[in-house]
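Listed here are the chains, written in short residue letters.
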Amino acid sequence: MNLNRREFTKGLGLILGATAIPIRSSANTQPDFTLRAGQSANSIYKKEKSEVLTNLWTFNQKTPGPTLQFNVGDRAKVSLDNKLPQETSIHWHGVRVKNSMDGVVGLTQPGVKKGEQFLYDFEIPDAGTYWYHSHNKAWEQVARGLYGPLIVNGPEDPKVDHDLVLMIDDWQLDGVGQIREQTFGSLHDWAHAGRIGNWVTVNGVSSPSYRLKDNSRVRLRLINAANARVFDLNFTSVKPRTIALDGYPVDPFESPNLTIGPSQRVDVILDLSDKLPEFALQIITRTRPITIARFLLDESLGLGGGALNEELITPIRPQPPDASSTSLKIPVHMQGGAMGNLKSAKINGIMTPLRDLARKHRKVWAFNGSVGGYDHMLGTARRGQFVILDIQNDTRWPHAMHLHGHHFWVNSRLNPVKDPLSKRDTYLMQPGENAEFRFVADNPGLWLFHCHMLEHHAAGMGAVIEVT
Ligand code: C2O
Ligand code: CU
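Residues numbered from 1 in each chain as written. Chains lettered and ligands numbered in written order. Predicted model: local features only at pLDDT ≥ 70, side-chain atom pairs only at ≥ 80, totals over all residues. Heavy atoms only, no water.

J.: For this particular structure, what's the right way to read the coordination of the copper ion (ligand 2)?
T.: Geometrically, a metal with four donors at the corners of a regular tetrahedron has ideal angles of 109.5 degrees, and one with six donors at the corners of a regular octahedron has ideal angles of 90 or 180 degrees. Of the protein atoms, only His 399 (ND1), Cys 451 (SG) and His 456 (ND1) coordinate the copper ion (ligand 2), at distances of 2.0 to 2.1 Å. In the primary sequence, the donor residues of the copper ion (ligand 2) line up as H-x51-C-x4-H. Each member of the pair Cys 451 and His 456 is classed as buried. (Donors = N, O, S within 2.8 Å, 3.2 Å for Na, K, Ca; no water. Buried < 20%, exposed > 50% of the residue type's maximum accessible area, 1.4 Å probe, protein only.)

Below, the structure written as structure tokens:
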């Protein structure tokens, strides 16, 4: 970890949680909300008590962008207004939208140019914790701050006293608190762990503090917005119970250590009944833990409303379907990266040695011997067909594998969740791991499957699955 502990200054004061914007759905084609992508200067960095403004790319001048709140079943109409010098788009990570609204520039839509707008209009089928982010040059645009939370409330949500989003990011900043631009596109990063930052924020603030009611039940929605860092987290003094992974409910289980890969979400419940004055969320490192958020019990807020006494119940979930003779099995052999075994791979139909792939094309990863572009088709499923992605991580690196448009059940020996088949939209695969992603291909279109270590995707780790 190259996080410098000295740089983790005290919180910027007490924050009562991100402002949430409830969205009304209406029948016309007017947007209910506009996300304006533009440049802004935000206070994410502090040095020796003096505040610095960091030049970022943000939605509505905020990092994270506004929290979009929906109810399950809502129709979302969100307009993107691009004021950036680059083309951009919005991908609704984990939301099973129709293909034309998926926001993948070059696959599902053209880039939204500077000065142009695009209306995203889609139904929201599932409750849970999601997020939105740029999907054009995401390795640069997400690193500059183009993302925000998307929360879908459902009738089966547990009753809580506090419902807080904690969106965690690590930024790569220079000595004066500006985005280190010269490392964008670093082939070294692209072939190793990706762009790892040196400055961590929670909801855009370094080490924020949150006030909570005593005797309360708290839901925390942790979202990893980092380009490449896997966060290993724990809490001091409290025992979190995990209730959802990537938005999808699981049977609640106690989870002292939380591992959250890039783009993954973990929802936890904290029951605060032990009269602790305060506790912290920290990153576990090899040496000592680093506090990234503090929580203070504040008597002036009154006592919690009794949610504590209610049992946590898992909403009824569909069971994973069984593989059948009509299942489609798609093998995915992942290779490449530093210290890997990829000697050569196909690019634009031409078998090319790794050296030339790297030097001429800036590509270092491959699936099934082909470097990923949006023309790299992994397979075609009929609508309704049961699909098994049979994935072999034959590299020396972990990868946060994300499938667009569908949620899948993971079947792997290493899957740490007690339920051997857990439903996710992104699964952190360990080096050497073999995992099956199982899903019913019920959403027609061209769907991206890629590593959410955004530099890995940029360097070839992606391909397309078609559902007809
Ligand atoms: Cu978070 Cu291709 O997406
Ligand atoms: Cu990867």
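Following the structure, the description resumes.
J.: Explain the domain arrangement of the protein chain to me, please; I cannot follow it from the model alone.
T.: Here the domain parsing of the protein chain yields domain 1 (5-153), domain 2 (162-309) and domain 3 (328-467). With 21 residues of domain 1 in contact, the opposing surface of domain 3 contributes 22 residues. Summing both partners gives a buried area of about 1,500 Å² for domain 1 against domain 3, and 60% of it is carried by carbon and sulfur. Looking at the side of domain 1 facing domain 3, the largest losses of area belong to Arg 96, Asn 99 and Leu 107, adding up to 36% of the total buried there. Connecting domain 1 to domain 3 are one salt bridge. When the shortest N-O distance is used, the salt bridge between Arg 96 and Asp 442 registers 3.9 Å. Counting residues per element, the side of domain 1 that touches domain 3 draws most heavily on strand E9 (residues 128-133), which supplies three residues. Broken down by class, the residue content of the side of domain 1 that touches domain 3 amounts to nine nonpolar, eight polar and four charged. (Domains from an automatic or database assignment. Contact = heavy atoms within 4.5 Å. Buried area = accessible area lost by both parts, 1.4 Å probe. Salt bridge = Lys/Arg side-chain N within 4 Å of Asp/Glu carboxyl O. Helix = DSSP H or I, 4+ residues; strand = E, 2+ residues; numbered from the N terminus. Nonpolar A, V, L, I, M, F, W, Y, C, P; charged D, E, K, R; others polar.)

J.: Can you walk me through the sheet that holds strand E8 (residues 117-123) in this structure?
T.: The strands making up a sheet associate through backbone hydrogen bonding, with each pair oriented either parallel or antiparallel. In space, the four strands of this open sheet follow the order E4-E3-E6-E8, with mixed pairing throughout. Each end of this open sheet is capped by a strand with a single partner; those strands are strand E4 (50-59) and E8. Mean inter-strand twist for the sheet, computed between neighbouring axes without regard to direction, equals 35°. With nine bridges joining them, strand E3 (residues 33-47) and E4 adopt antiparallel strand pairing. (Pairing = 2+ DSSP bridges. Axes fitted to C-alpha atoms, helices over the stretch in contact; angles between N-to-C directions.)

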